[in-house]
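Take a look at the letters that make up each chain.
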Amino acid sequence: MPKPAAETSQVADFEKSLDELEQLVGRMEQGDLSLDESLQSFERGIALYRNCQGALDQAKLRVSQLLDPAAPENAQPFDPDVP
């Protein structure tokens, strides 16, 4: 069954944000940026982090809803070792 377009888009956005964040951190770790460039990079990194965290929160909520659609707040975490 194909994924809904919105779900595919969220996954693509998450992966794009994570990739950009990793590249940004790499550039910052090199230490070649000016103070202004470092501040701009830090601001962008925070925005990317928040995008990624929001996507992860949405994925966690969706998994909870799938595990217990009647009461997602009571859903138990998935443990592959428990039959």
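Everything numeric in this text was worked out from a predicted model, so none of it was measured.

Participant: I'd like a description of the overall build of the chain, backed by residues and values.
Facilitator: Broken down by element type, the chain carries two helices and zero strands. Taken over 83 residues, the chain has a buried fraction of 12%. Counting contacts in the chain only where the partners sit at least 6 residues apart, residues at least 24 apart contribute 47% of the total. As displayed, the chain offers around 6900 Å² of accessible surface, 56% of which is attributable to carbon and sulfur atoms.

Participant: Can you lay out the pattern of salt bridges for me, pointing to particular residues and giving the numbers?
Facilitator: Tallied over the full model, the rule gives one salt bridge. With its nearest N and O atoms 2.9 Å apart, the salt bridge here joins Arg44 to Glu20. Here Arg44 is found in helix α2 (residues 35-67), whereas its partner Glu20 is found in helix α1 (residues 5-30), with 24 residues between them in sequence.

Cut-offs applied
Residues numbered from 1 in each chain as written. Predicted model: local features only at pLDDT ≥ 70, side-chain atom pairs only at ≥ 80, totals over all residues. Heavy atoms only, no water. Helix = DSSP H or I, 4+ residues; strand = E, 2+ residues; numbered from the N terminus. Buried < 20%, exposed > 50% of the residue type's maximum accessible area, 1.4 Å probe, protein only. Contact = heavy atoms within 4.5 Å. Areas by Shrake-Rupley, 256 points an atom, 1.4 Å probe, with all protein chains shown as cover. Salt bridge = Lys/Arg side-chain N within 4 Å of Asp/Glu carboxyl O.

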